[in-house]
Amino acid sequence: MPILNRAAELQDEIAGWRRQIHREPELLFAVEKTAAFVAEKLLEFGVDEIVTGIGRTGVVGIIRGKGAGRTIGLRADMDALPIDEASGKPWASTTKGKMHACGHDGHTAMLLGAAKYLAETRNFSGNVAVIFQPAEEGGGGGNEMVKDGMMERFGIAEVYGMHNLPGMPVGAFGTRSGPIMAATDEFNITVKGRGGHAALPHKTVDPIVIGAQLVGALQTIVSRVADPIASLVVSVTKFNAGFAHNVIPEEAKLAGTVRTLSPDMREEAEARIRQICGGLAAAHGAEITVSYHRNYPVTVNHADETGHAVSVAREIAGEAAVEPSLDPMMGGEDFSYMLEARPGAFIFLGNGDTAGLHHPAYDFNDDAIPHGVTYWVKLAESRLTA
């Protein structure tokens, strides 16, 4: 089965919505204009129930089918990133320091297109919940919607997500059962030594030297603690210390991220960071404090739902254009919270040969729109067989 004729017919209209959203990017939970646009379109489509303010600024629309049945959720994210756009597109961001550099404008527009089609046809039994989420880019909006009782309020039995992927051909899909995206933890480390004159280092406890040793020591968690087959990233991304050429400072501050694909490795990585810091502090007579924040959990696809998602994608794109065992990615995704609350699956849709995600020159590829809309429609119809 190729893409739906109706999805192809709607491509230009959906692209227009996408470009309008792209021009006015909003960050985290402050997506009031985007959420209002979404709610206005859902009302225009004749969606049966529209609820705003879920998870602070999220929107949920309920489309009822031709008969009774269960409810499945389809989710798109709405927020942009704090980046100056350099795409050069006519529809580029009109707000300095903000741009849709991850394609959430495309995700939102494709789900709106699917909602329009499903509200027109209603070729299913049960209900489709179209979920428009704020604050995926670091705010945990998915978690906020779950904590706000979204799943219980709308009786959602399964939930599905989709994200574009630069480098994957347009019209192609990729996913996997089990862990598909990593947990995204963050750490902040403060090394407190004893400052003094740079010409008298023996009278100081140099936090820069300790910090430099710490950067190297943390890498041994990956190289000498983790199973070589396991996936683990420990990256120090900040190192701030000092203020003059001839002064050894009192303090150095480091920060970074830990990415894991299993709960056990997540526990081990945090424990080892604390142990290494404690050991270096004792060895040098310094004080080292660790602040460790557990951010998004691992995004784990459920086996049955992933199998169904793969079968729908294959019907649309053909077997050769669907990768059912995609390598996991070490980026994070707060759809993980929804998959902890309900069974479901997260899938990638090809964006073609474009700039990468979070790059200033990135732009969502509008040629992907009919493929994404068709996937959403066929997934809903097949999971809610009339």
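Residues numbered from 1 in each chain as written. Predicted model: local features only at pLDDT ≥ 70, side-chain atom pairs only at ≥ 80, totals over all residues. Heavy atoms only, no water.

> How would you sum up the pattern of salt bridges? Please name residues and give values.
Tallied over the entire structure, the rule returns 25 salt bridges. Where E49 meets R64, a salt bridge forms, and the shortest distance between an N and an O atom there is 3.4 Å. With E49 in strand β1 (residues 49-54) and R64 in strand β2 (residues 58-64), this residue pair connects regions lying 15 residues apart in the sequence. Take R64: its relative accessible area is 37%, and that puts it in the partly exposed class. Between E270 and R294 there is a salt bridge, with the nearest N and O atoms lying 2.9 Å from each other. (Salt bridge = Lys/Arg side-chain N within 4 Å of Asp/Glu carboxyl O. Helix = DSSP H or I, 4+ residues; strand = E, 2+ residues; numbered from the N terminus. Buried < 20%, exposed > 50% of the residue type's maximum accessible area, 1.4 Å probe, protein only.)

> So what's going on with the nonpolar core? Residues and values would help.
Ranked by size, the top nonpolar core spans 56 residues in total, and within it L42, F132 and Y375 carry the most contacts. At nine residues, the largest contribution of residues to this core is made by helix α4 (residues 104-121). Membership of the second largest hydrophobic core comes to 26 residues, among which are A217, V234, V258 and Y292. (Core = buried A, V, L, I, M, F, W, Y, C linked by side-chain atoms within 4.5 Å.)

> Account for helix α2 (residues 11-23), naming residues and giving values.
Given a rise of 1.5 Å per residue, 13 residues ought to cover 18 Å, and the 18 Å separating the end C-alpha atoms of α2 matches this to within 8%. Every buried residue of α2 is accounted for by Q11, I14, A15, W17, R18, I21 and H22. Each buried residue of α2 lies within a common arc of 155° when the element is viewed along its axis, so the set occupies one face. Along its buried surface, α2 packs onto α1 (5-9), α3 (32-45), α4 and α11 (369-383). (Expected span 1.5 Å × (residues − 1). Arc of directions from axis to C-beta. Contact = heavy atoms within 4.5 Å.)

> Residue-level account of the pairing of strand β16 (residues 344-352), with values.
With nine of its nine residues buried, β16 lies for the most part within the structure. Taking every second residue as pointing to the same face, both faces of β16 are buried, with G344, F346, F348, G350 and G352 on one and A345, I347, L349 and N351 on the other. The sheet contact formed by strand β5 (residues 156-166) and β16 spans eight bridges and is parallel. Each residue of the ladder has a partner; that of L165, found in β16, is G350. (Pairing = 2+ DSSP bridges.)

> An account of the packing of α3 against α4 is requested, with residue identities and associated values reported.
With their axes 9 Å apart at the nearest point, α3 and α4 run at an angle of 15° to one another. On the basis of their axis angle, the class for α3 and α4 is roughly parallel. Every pair of crossing elements has a handedness; the one defined by α3 and α4 is right-handed. Of the residues in α4, those touching α3 at F37, V38, K41, L42 and F45 are T108, L112, A115, K116 and A119. In the contact of α3 with α4, the residues fall into seven nonpolar, one polar and two charged. (Axes fitted to C-alpha atoms, helices over the stretch in contact; angles between N-to-C directions. Parallel < 35°, antiparallel > 145°, perpendicular 65-115°, else oblique. Left-handed = near helix turned anticlockwise from the far one by under 90°. Nonpolar A, V, L, I, M, F, W, Y, C, P; charged D, E, K, R; others polar.)

> Describe the environment of T71, with residues and values.
By the element assignment, T71 lies in strand β3 (residues 67-77). Owing to a relative accessible area of 4%, T71 belongs among the buried residues under this scheme. The spatial distance from the C-alpha of T71 to the C-alpha of I248 is 62 Å, given a sequence separation of 177 residues. Setting aside chain neighbours within four positions, we find T71 in contact with N127, A129, F154, G155, I156, A157 and E158. Within the structure, T71 has its side chain in polar contact with the side chain of N127 (distance 3.1 Å). (Polar contact = N/O pair within 3.5 Å; in protein donor to acceptor, adjacent residues only side chain to side chain.)

> Hey, could you go over the packing of aromatic side chains for me, with residue numbers and the actual values?
Tallied over the entire structure, the rule returns six aromatic pairs. Centre to centre, the rings of F346 and F348 are 5.5 Å apart; their planes meet at 85°, and the pair counts as edge-to-face. In this pair, the class of F346 matches that of F348, namely buried. Ring centres 5.5 Å apart and planes at 50° place the aromatic pair Y375 and W376 in the tilted group. Look at W376 and you get buried, because its relative accessible area is 1%. An aromatic cluster is built from F173, Y375 and W376, whose rings are joined through pairwise contacts. The ring of W91 is capped by R19, whose NZ or CZ atom sits 3.7 Å from the centre of that ring. (Phe/Tyr/Trp six-rings, centres within 6.5 Å; stacked < 30°, edge-to-face > 60°. Lys NZ or Arg CZ within 6 Å of the ring centre and 35° of its normal.)

> Describe the sheet that holds strand β12 (residues 251-260), and please don't skip the residues or the numbers.
With antiparallel pairing, four strands are arranged side by side in an open sheet as β10-β12-β8-β13. Looking along the sheet, the strands with just one partner apiece sit at the ends: β10 (232-241) and β13 (287-293). Sheet twist, expressed as the mean angle between neighbouring strand axes with direction ignored, is 20°. Here strand β8 (residues 183-192) pairs with β12 via 10 bridges, running antiparallel. Considered in β12, the bridge of T184 is made with R259. Strand contacts of helix α7 (residues 207-225): β8, β10, β12 and β13, with the helix running at about 170° to β10, the strand carrying the most contacts.

> With reference to specific residues and values, describe the sheet that holds strand β4 (residues 125-133).
If you walk across this open sheet you meet the eight strands as β1-β2-β4-β3-β5-β16-β6-β15, and the pairing is mixed. Of all strands in the sheet, those bounded by a partner on one side alone are β1 and β15 (322-323). As paired elements, β1 and β2 share five bridges and run antiparallel to each other. When the sheet's bridge partners are listed, I50 is paired in β2 with G61.

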